[in-house]
Structures are given as C-alpha cells and as structure tokens.
Amino acid sequence: MSRIRHAACACGALSVRCAGEPVKVSLCHCLQCQRRTGGPFGVVAFFPRADVRPSGEDRVYERASDSGLAVVFHFCPTCGSTVWWEPARLPDLIGVAVGAFADPAFPPPTQAVFAEHRHPWVRFDVS
C-alpha cells in the first residue's frame, strides 16, 4: 500500500493528497521562489501527476520560469498560500510546496538549483 501525504494552505481550504514518495525534492534559490515564499529559497517535492489529487477552490497564476517555459501556480483565494504548481518543463510531474505538508519528517532536498542567487549565509548539505 502506498503512503499518502496531505499538503494544505494556511487556512486549510485548499489541499492536495499525494500518493507514494516524491520523485525528487529540490531546494530552489531562484529569485521567483524567494518572492513566492517570502524567504531566501523555496523547497518543492515533485510527484507524478497521476498521484496528486487536489481538493478545494483555487486560483492560478502563470509565469515564465527561468528556463522560459510556463509554470502554473495554484493558490488559495482565501489565505493566498501557494500549494502546488505545474511546470511545463516537467509535464508529468506536479510540484508541491514542502512547507504545505507541515511535516518535519518529510524527506530532505536532494538537490539545490539556481545557487547563483543563494543568500551567502544559507548553508545546506545538498549540491
């Protein structure tokens, strides 16, 4: 039986149910992730699209990624939390904000990307 994880926005009105283990967990230092999270980086868990089930009303925001391909973000219209997104460069995967799981035991990032935008005081054991 596959493990089920739940991620939700701050008010709980928008959520996703994710089956199984993430394909990968990435720490992203890009400037857009910094803006989206309000912190120095974002952390995302990618799951196969077929293993993610959203629930609740959402709003979307689409922008170009640093690669130039579209990313569609799904966020709660009540509290504004981004819960998941659809990256065009990875059409078979859904990205879910790791913080939305609110699970300190969640698997750690195995890669860091856009290190050129890393705040110099941020230190991690991923490359």
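Residues numbered from 1 in each chain as written. Predicted model: local features only at pLDDT ≥ 70, side-chain atom pairs only at ≥ 80, totals over all residues. Heavy atoms only, no water.

S.K.: What exactly am I supposed to notice about the overall build of the chain here?
M.R.: Along the chain, the regular secondary structure elements total one helix and ten strands. Mapped from its N terminus to its C terminus, the chain presents α and β elements in the order β-β-β-α-β-β-β-β-β-β-β. Considering only intrachain contacts with a sequence separation of at least 6, the fraction spanning at least 24 residues in the chain is 55%. The positive charge centre, built from 13 side chains, and the negative charge centre, built from 11, are 3 Å apart in the chain. (Helix = DSSP H or I, 4+ residues; strand = E, 2+ residues; numbered from the N terminus. Contact = heavy atoms within 4.5 Å. Lys, Arg positive; Asp, Glu negative; His and termini not counted. Charge placed at Lys NZ, Arg CZ, Asp CG, Glu CD.)

S.K.: Help me understand the pattern of salt bridges in this model?
M.R.: It is possible for side chains of opposite charge to pair when their charged atoms get near one another. Within the structure shown, the criterion is met by three salt bridges. The partner of Arg-59 in a salt bridge is Glu-57, and the shortest N-O contact between them spans 2.6 Å. A relative accessible area of 39% places Arg-59 in the partly exposed class. (Salt bridge = Lys/Arg side-chain N within 4 Å of Asp/Glu carboxyl O. Buried < 20%, exposed > 50% of the residue type's maximum accessible area, 1.4 Å probe, protein only.)

S.K.: What exactly am I supposed to notice about the sheet that holds strand 4 (residues 42-48) here?
M.R.: Remark on secondary structure: sheet strands pair via backbone hydrogen bonds, oriented parallel or antiparallel. Here seven strands make up an open sheet; going across it, the order is 6-7-8-9-4-3-10 and the pairing mixed. With partners counted over all chains shown, the strands left at the sheet margins are strand 6 (59-64) and strand 10 (111-113), one partner each. The mean inter-strand angle of the sheet, taken between neighbouring strand axes irrespective of direction, is 30 degrees. (Pairing = 2+ DSSP bridges. Axes fitted to C-alpha atoms, helices over the stretch in contact; angles between N-to-C directions.)

Keep in mind these values describe shape, not function.
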